[in-house]
Amino acid sequence: MDSRPDPELSLRERKKRETRQRISDIATDLIGKRGFDAVTVAEIARAAGVSPMTVFNYFPRKEDLFLDRIPEAAGLFASAIRDRAPGEPPLAALRRLALRLLEERHPLGGVGDTFADFWRTVAASSALRARAREGVEEIEAALAAAFGGAGVADPELSAALTMAAYRTVFVASVRRLLAGDPVAEVARDHRRRLEAAFDALERAGLDG
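Let me sum up the structure you'll find in this document.

Rules of the game
- Residues numbered from 1 in each chain as written.
- Predicted model: local features only at pLDDT ≥ 70, side-chain atom pairs only at ≥ 80, totals over all residues.
- Heavy atoms only, no water.
- Core = buried A, V, L, I, M, F, W, Y, C linked by side-chain atoms within 4.5 Å.
- Buried < 20%, exposed > 50% of the residue type's maximum accessible area, 1.4 Å probe, protein only.
- Helix = DSSP H or I, 4+ residues; strand = E, 2+ residues; numbered from the N terminus.
- Contact = heavy atoms within 4.5 Å.
- 1 Å grid on protein atoms, 1.4 Å probe; cavity = no way out; pocket = protein on both sides within 12 Å on 5 of 7 lines; lining within 4 Å.
- Points joined across faces, edges and corners; volume = space filled by probe spheres on them.
- Nonpolar A, V, L, I, M, F, W, Y, C, P; charged D, E, K, R; others polar.
- Expected span 1.5 Å × (residues − 1).
- Polar contact = N/O pair within 3.5 Å; in protein donor to acceptor, adjacent residues only side chain to side chain.
- Axes fitted to C-alpha atoms, helices over the stretch in contact; angles between N-to-C directions.
- Parallel < 35°, antiparallel > 145°, perpendicular 65-115°, else oblique.
- Salt bridge = Lys/Arg side-chain N within 4 Å of Asp/Glu carboxyl O.
- Patch = residues over 30% accessible without salt bridge, like charges linked within 9 Å, V, L, I, M, F, W, Y side chains within 5 Å.
- Areas by Shrake-Rupley, 256 points an atom, 1.4 Å probe, with all protein chains shown as cover.
- Lys, Arg positive; Asp, Glu negative; His and termini not counted.
- Charge placed at Lys NZ, Arg CZ, Asp CG, Glu CD.

## Observations regarding the nonpolar core
Within the largest apolar cluster, 40 residues are counted, with the highest numbers of intra-cluster contacts made by Phe77, Leu94, Leu143, Phe147 and Leu194. Listed by contribution, the elements that provide at least two residues to this core are helix H5 (70–82), helix H6 (90–103), helix H7 (115–123), helix H8 (126–149), helix H9 (155–178) and helix H10 (183–203). A total of 8 residues in this core trace back to one element, the largest contributor, which is H9. Those residues in contact with leucine 194 that lie beyond four places of it in its chain are Ala98, Leu99, Leu102, Tyr166 and Val169.

## Let's talk about the layout of surface pockets
If you add up the space inside the largest pocket, you get close to 1,200 Å³. Along its surface, the largest pocket is lined by 39 residues, and Leu67, Phe118, Trp119, Val122 and Phe170 are the ones closest to its centre. Listing elements by their share of the lining of the largest pocket, those giving two or more residues are helix H1 (11–34), H5, H7, H8 and H9. In terms of residue count, H9 provides more of the lining of the largest pocket than any other element does, 8 residues in total. By residue class, the composition of the lining of the largest pocket is 22 nonpolar, 7 polar and 10 charged.

## With respect to H8
Helix length check: H8 (24 residues) gives 35 Å between terminal C-alpha atoms against 34 Å at 1.5 Å per residue, within 8%. For H8, every residue scored as buried is listed here: Leu128, Arg131, Gly135, Ile139, Ala142, Leu143, Ala144, Ala146 and Phe147. On its buried face, H8 is in contact with helix H4 (63–66), H5, H6, H7 and H9.

## With respect to the side chain of threonine 162
Position of threonine 162 among the secondary structure elements: in helix H9. Here threonine 162 falls in the buried class, since its relative accessible area comes to 4%. A polar atom in the side chain of threonine 162 sits 2.7 Å from the backbone oxygen of serine 158. The contacts of threonine 162, once residues within four sequence positions are left out, are Leu91, Leu94, Leu143, Phe147, Leu201 and Leu206.

## Considerations on the packing of H6 against H10
Where H6 contacts H10, the axes come no closer than 10 Å and their chain directions differ by 175°. Relative to H10, H6 is oriented roughly antiparallel. Between H6, through Leu91, Ala92, Leu94, Arg95, Ala98, Leu99, Leu102 and Glu103, and H10, the contact on the second element is made entirely by Ala187, His190, Arg191, Leu194, Glu195, Phe198, Asp199, Leu201 and Glu202. Classifying every residue of the contact of H6 with H10 gives 10 nonpolar, 1 polar and 6 charged.

## Digging into unusual backbone geometry
The backbone of arginine 105 shows a phi angle near 55°, a positive value even though the residue is not glycine. Turning to its location among the elements, arginine 105 is positioned in the loop between H6 and H7. Judged by its relative accessible area of 36%, arginine 105 falls in the partly exposed class.

## Remarks on the environment of alanine 42
Structurally, alanine 42 can be placed in helix H2 (residues 41–48). The exposure class of alanine 42 is partly exposed, given its relative accessible area of 32%. Sequence separation between alanine 42 and proline 52 is 10 residues; the distance between their C-alpha atoms is 5.6 Å.

## Some details on the pattern of salt bridges
Using the criterion set out here, one finds 17 salt bridges in the structure. For the salt bridge of arginine 176 with glutamate 185, the shortest nitrogen-to-oxygen distance reads 2.8 Å. Take glutamate 185: its relative accessible area is 32%, and that puts it in the partly exposed class. One connected set of salt bridges, linked through shared partners, spans Arg61, Asp64, Arg131, Glu134 and Glu138.

## Remarks on a positive patch on the surface
A surface patch of positive charge is lined by Arg129, Arg133, Arg167 and Arg175. Among the elements of the structure, H8 and H9 are those that each provide at least two residues to the positive patch. When you line up the elements, arginine 133 lands in helix H8. By relative accessible area, arginine 133 is classed as exposed at 51%.

Purely geometric stuff here, so don't read any function into it on its own.
Next comes the structure, spelled out in structure tokens:
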């Protein structure tokens with residue numbers, strides 16, 4: 001989650017975001033060190049100085065404590081289409097976002113120095129793997145709604161194919177990071193494959 005302050009947010013909303021971020025950071029640290037099943041919500045709550053009920057107010061499921069960026073991903077991809085420049089095709093806006101996330105080494109960009117440890121933890125937990133798959137479906141649904149709002153003829157198909165392409169590139173890069181390949185090399189190949197994926201999507205006429 002992006003924890004940078006937003007001047008338009010009320011003090012109460014900023015405090016809520018800070019609390020959510022603190023809980024997530026603590027959960028990520030504990031789960032990353034000990035594994036998903038070895039850490040309880042009660043432990044996370046104690047470490048964060050809140051009650052278990054407060055934890056669940058921010059995160060409906062334990063899995064969401066570790067995979068807390070699913071709502072952010074859905075919002076980013078949908079808003080890239082919704083807030084694109086006049087005349088800019090939806091896929092061009094998504095390409096621009098995907099390349100920016102990669103350049104910033106954003107967790108949703110697919111490549112980063114610490115990403116291997118994160119995904120190693122996910123791979124070791126059937127619950128986290130299942131939640132990650134659900135997250136892809138949630139992001140796809142948000143994309144479909146955004147494509148529909150942009151007047152795309154078949155928004156569900158466009159969203160499904162876009163997510164399949166992005167996920168294929170993302171997963172391949174994660175596997176290389178897990179195998180110990182150099183981050184800079186993986187990032188170069190990730191960018192090349194992203195460009196090729198969006199080229200293919202545009203040739204398929206998914207903007208229409």
